[in-house]
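Listed here are the chains, written in short residue letters.
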Amino acid sequence: MSSPDNIDGNILVNLLFVQQAVEAGIAATIRGIVNGQPMGLIELVVAVRTALWDVNRPLAEGVNQYTMLAILNYLSLIGQGIAVSSQQIPEALDMDGPVGTWVSYNAGTLSVTWTNPPAGFASQIVVDGVIVGYSEARDDVDGNADATFNVSLSAGAHVVRVVYRRVADGALSRLGVVANLNV
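Because the structure is a prediction, the values reported are computed rather than measured.

Caption draft 1: Inspection of the sheet that holds strand 4 (residues 130–135) at higher detail. If you walk across this open sheet you meet the four strands as 4-3-6-7, and the pairing is antiparallel. Among the strands making up the open sheet, the edge pair consists of strand 4 and strand 7 (179–182). Going from strand to strand, the sheet's axes swing by 30° on average, the running direction of each strand aside. Examined bridge by bridge, strand 3 (residues 121–127) and strand 6 (residues 157–166) share seven bridges and lie antiparallel to one another. Residue Gln-124 lies in a different strand from strand 6, and its bridge partner there is Val-163.

So, in structure tokens, the structure goes:
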């Protein structure tokens, strides 16, 4: 008999399951649970299975520690990374993030401008410790990159930061300066 606490599973992971899980919105469920906080893989699997159990039982039953790692890795590969296992943490580079970050928010749209990444780098946008977007934007005219993201933010204060991510291997710079946002 299956239950949300039954987390054992096969080591081989079906890529189609991973893609379907992402299309079904598992990333939003994971984001809501992780919310920028460190947690154990088993704890995350049980929390995701419990959250999905009455909503999407076939998806919940397919989530185990191996499929969760595959889902997290896949999200990272497509620029929507939420979290990685400690064994998958990208290299931390000895380089600073953006020296300038400016933000505005209007009707669910977060607009972010930041100092251009170096050549060969893209950028990850982080709000309150959670990655909300990935951008390869650059503007060599004014030296600042711009992007917008559809993000639901609650009323109150939020911290927005940008980190440079090397495209070739996912290595990360230090976080850039803080941009404070009041919604």
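Caption draft 2: The nonpolar core, seen in detail. Formed by 21 residues in total, the largest nonpolar core has its most connected members in Ile-26, Ile-30, Leu-44, Val-48, Val-63, Met-68 and Ile-71. Once residues within four sequence positions are removed from consideration, Met-68 is found in contact with Ile-30, Leu-41, Leu-44, Val-45, Val-48 and Val-63. In terms of nonpolar packing, the next biggest core, distinct from the first, is built from 20 residues, Ile-125, Phe-149, Tyr-164 and Leu-181 among them.

Caption draft 3: Summary view of the confidence of the model for the protein chain. Per-chain confidence: the protein chain averages 83 in pLDDT, with 87% of residues scoring 70 or above. The weakest mean pLDDT in the protein chain belongs to strand 4 at 81; the strongest belongs to helix 3 (residues 41–52) at 92.

Caption draft 4: Examining the sheet that holds strand 2 (residues 109–115) more closely. The sheet built from three strands is open, its strands ordered 1-2-5 with antiparallel pairing. Whereas interior strands pair on both sides, the edge strands pair on one side only; in this sheet they are strand 1 (101–106) and strand 5 (144–150). Adjacent strand axes in the sheet meet at a mean angle of 15°, parallel and antiparallel pairs treated alike. Note that strand 1 and strand 2 share six bridges and pair antiparallel.

Caption draft 5: A look at the packing of helix 2 (residues 26–34) against helix 5 (residues 65–77). Here helix 2 crosses helix 5 at 100°, and the two axes come no closer than 11 Å. One finds that helix 2 runs roughly perpendicular with respect to helix 5. On the side of helix 2, the interface is formed by Ile-26, Ala-27 and Ile-30, while helix 5 contributes Met-68, Ile-71, Leu-72 and Leu-75. Grouping the amino acids of the contact of helix 2 with helix 5 by side-chain chemistry returns seven nonpolar, no polar and no charged.

Caption draft 6: Molecular detail of the environment of Ala-157. As for its position among the elements, Ala-157 is in strand 6. We classify Ala-157 as exposed; its relative accessible area is 62%. Spatially, the C-alpha atom of Ala-157 lies 9.3 Å from that of Asp-128, the residues being 29 residues apart in sequence. Sequence-distant contacts of Ala-157, defined by excluding residues within four places in its chain, comprise Leu-181 and Asn-182.

Caption draft 7: Layout of helix 3. The terminal C-alpha atoms of helix 3 lie 16 Å apart, and with twelve residues this matches the ideal 16 Å at 1.5 Å per residue to within 8%. Every buried residue of helix 3 is accounted for by Leu-44, Val-45, Val-48, Arg-49 and Leu-52. Down the axis of helix 3, the buried side of the element spans an arc of 130°, and every buried residue falls inside it. Summarising the contacts, the buried residues of helix 3 are in contact with helix 2, helix 4 (57–62) and helix 5.

Caption draft 8: Layout of the pattern of salt bridges. Under the criterion given, the structure shown has three salt bridges. Close ionic contact of Asp-96 with Arg-174 constitutes a salt bridge, the shortest N to O distance being 2.9 Å. You can see Asp-96 sitting in the loop between helix 5 and strand 1 and its partner Arg-174 sitting in the loop between strand 6 and strand 7, a full 78 residues away along the chain. Between Arg-166 and Asp-169 there is a salt bridge, with the nearest N and O atoms lying 2.9 Å from each other.

Cut-offs used in this document
Residues numbered from 1 in each chain as written. Predicted model: local features only at pLDDT ≥ 70, side-chain atom pairs only at ≥ 80, totals over all residues. Heavy atoms only, no water. Pairing = 2+ DSSP bridges. Helix = DSSP H or I, 4+ residues; strand = E, 2+ residues; numbered from the N terminus. Axes fitted to C-alpha atoms, helices over the stretch in contact; angles between N-to-C directions. Core = buried A, V, L, I, M, F, W, Y, C linked by side-chain atoms within 4.5 Å. Buried < 20%, exposed > 50% of the residue type's maximum accessible area, 1.4 Å probe, protein only. Contact = heavy atoms within 4.5 Å. pLDDT = per-residue confidence, 0-100. Parallel < 35°, antiparallel > 145°, perpendicular 65-115°, else oblique. Nonpolar A, V, L, I, M, F, W, Y, C, P; charged D, E, K, R; others polar. Expected span 1.5 Å × (residues − 1). Arc of directions from axis to C-beta. Salt bridge = Lys/Arg side-chain N within 4 Å of Asp/Glu carboxyl O.

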